[in-house]
Amino acid sequence: MDIIRTRRSIRRYTAEPVAPELVATMLEAAMAAPSAGNEQPWEFIVITERPVLEALHQAHPHSSMLLEAPVAIAVCGDTTREKHPGMWVEDCSAATENILLEAESLGLGAVWLGVYPHEERVINISRVLGLPPSVIPLSLVAVGHPAEHKPPSERFDAARVHHNRW
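Residues numbered from 1 in each chain as written. Predicted model: local features only at pLDDT ≥ 70, side-chain atom pairs only at ≥ 80, totals over all residues. Heavy atoms only, no water.

This part is about the overall build of the chain. Along the backbone of the chain there are 5 helices and 4 strands. Reading the secondary structure of the chain in the N-to-C direction produces α-α-β-α-β-α-β-α-β. Since a compact globule built from 166 residues should have a radius of gyration of about 15 Å, the 16 Å found for the chain is in line with a globular shape. Dimensions of the chain, computed from C-alpha atoms along their principal axes, come out at roughly 50 × 40 × 30 Å. Residue pairs in contact within the chain that sit at least 24 positions apart in sequence constitute 78% of those at least 6 positions apart. Working note: accessible area of the chain is about 9,200 Å², and carbon and sulfur atoms make up 53% of it. (Helix = DSSP H or I, 4+ residues; strand = E, 2+ residues; numbered from the N terminus. Rg over C-alpha atoms; globule rule 2.2 N^0.38 Å. Contact = heavy atoms within 4.5 Å. Areas by Shrake-Rupley, 256 points an atom, 1.4 Å probe, with all protein chains shown as cover.)

Shown next, in the form of structure tokens:
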């Protein structure tokens with residue numbers, strides 16, 4: 001629970017690179033996510049090349065942190081793997097959250113940049129990453145060693161909890 005409560009969206013990073021083994025650990029966590037019908041429709045693209053990160057920044061209107069982040073992970077859904085149409089979104093969302101939680105547990109900072117369902121973002125990011133038509137980018141996760149620290153955020157609101165009916 002501590003990781004869940006202390007995880008925050010980190011948008012500022014130091015210049016220190018993220019070790020490949022830490023990226024691998026985050027990807028292992030991503031692939032441990034639940035998946036409808038166990039379809040596991042996810043594909044991941046690890047981006048470390050500065051020109052590609054800069055191109056992604058140009059393709060996404062809210063991505064200035066990509067200019068500092070040493071790595072980004074694109075979480076994509078392969079629609080050819082669908083057993084249950086449309087569930088790739090939930091599966092890849094769970095994988096994205098697992099990346100964020102694992103980054104926190106590793107002492108890294110990360111932030112989820114939403115791509116899907118914004119058509120322009122999907123088109124532009126697909127173009128930058130050279131995705132085939134059956135693979136749809138759901139999110140980008142910028143990752144790095146944090147250059148900012150945020151206190152835990154208490155978001156629990158009992159007024160939003162309903163029992164049995166509205």
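Ordered by their spatial adjacency, 4 strands build an open sheet running 1-2-4-3, and the pairing between neighbours is antiparallel. The sheet terminates laterally at strand 1 (42–47) and strand 3 (109–114), the two strands that pair on one side only. For this sheet, the mean angle separating the axes of adjacent strands, direction not counted, is 25 degrees. Here strand 1 runs beside strand 2 (residues 71–78); their pairing, made up of 6 bridges, is antiparallel. (Pairing = 2+ DSSP bridges. Axes fitted to C-alpha atoms, helices over the stretch in contact; angles between N-to-C directions.)

Before going further, it helps to spend a moment on the nonpolar core. Membership of the largest hydrophobic core comes to 46 residues, with the highest contact counts inside it found for Met26, Phe44, Leu66, Ile99, Leu140 and Val143. Elements with a contribution of two residues or more to this core: helix 2 (20–30), strand 1, helix 3 (50–59), strand 2, helix 4 (88–105), strand 3, helix 5 (119–129) and strand 4 (135–144). Excluding anything up to four places from it in sequence, Phe44 contacts Leu27, Ala30, Met31, Ile73, Ala74, Val75, Ala95 and Ile99. (Core = buried A, V, L, I, M, F, W, Y, C linked by side-chain atoms within 4.5 Å. Buried < 20%, exposed > 50% of the residue type's maximum accessible area, 1.4 Å probe, protein only.)

Of note, Ser63 is situated in the loop between helix 3 and strand 2. Given the relative accessible area of 1%, Ser63 is considered buried.

It is worth spelling out the pattern of salt bridges at this point. In this structure the tally under the stated criterion is 3 salt bridges. Across the salt bridge formed by Glu43 and Arg81, the nearest N and O atoms sit 2.2 Å from each other. One end of the pair, Glu43, is in strand 1; the other, Arg81, is in the loop between strand 2 and helix 4, and 38 residues separate them in sequence. Residue Glu43 is classed as partly exposed on the basis of its relative accessible area, which comes to 30%. One salt bridge in this structure joins Arg160 and Asp157, with 3.7 Å as the shortest N-O distance. (Salt bridge = Lys/Arg side-chain N within 4 Å of Asp/Glu carboxyl O.)

Let us now look at helix 4. Between its first and last C-alpha, helix 4 extends 26 Å over 18 residues, near the 26 Å set by a 1.5 Å rise per residue. Close packing links the buried residues of helix 4 with helix 1 (2–6), helix 2, strand 1, strand 2, strand 3 and strand 4. At the exit of helix 4 stands Gly107, carrying a positive phi of roughly 80 degrees. (Expected span 1.5 Å × (residues − 1).)

The computed volume of the largest pocket comes to approximately 280 Å³. Residue lining of the largest pocket: 13 residues in total, with Ile4, Arg5, Arg7, Ser153 and Arg155 positioned closest to the centre. Only helix 1 and helix 4 provide two or more residues apiece to the lining of the largest pocket. Residues that form the lining of the largest pocket fall into these classes: 5 nonpolar, 2 polar and 6 charged. (1 Å grid on protein atoms, 1.4 Å probe; cavity = no way out; pocket = protein on both sides within 12 Å on 5 of 7 lines; lining within 4 Å. Points joined across faces, edges and corners; volume = space filled by probe spheres on them. Nonpolar A, V, L, I, M, F, W, Y, C, P; charged D, E, K, R; others polar.)

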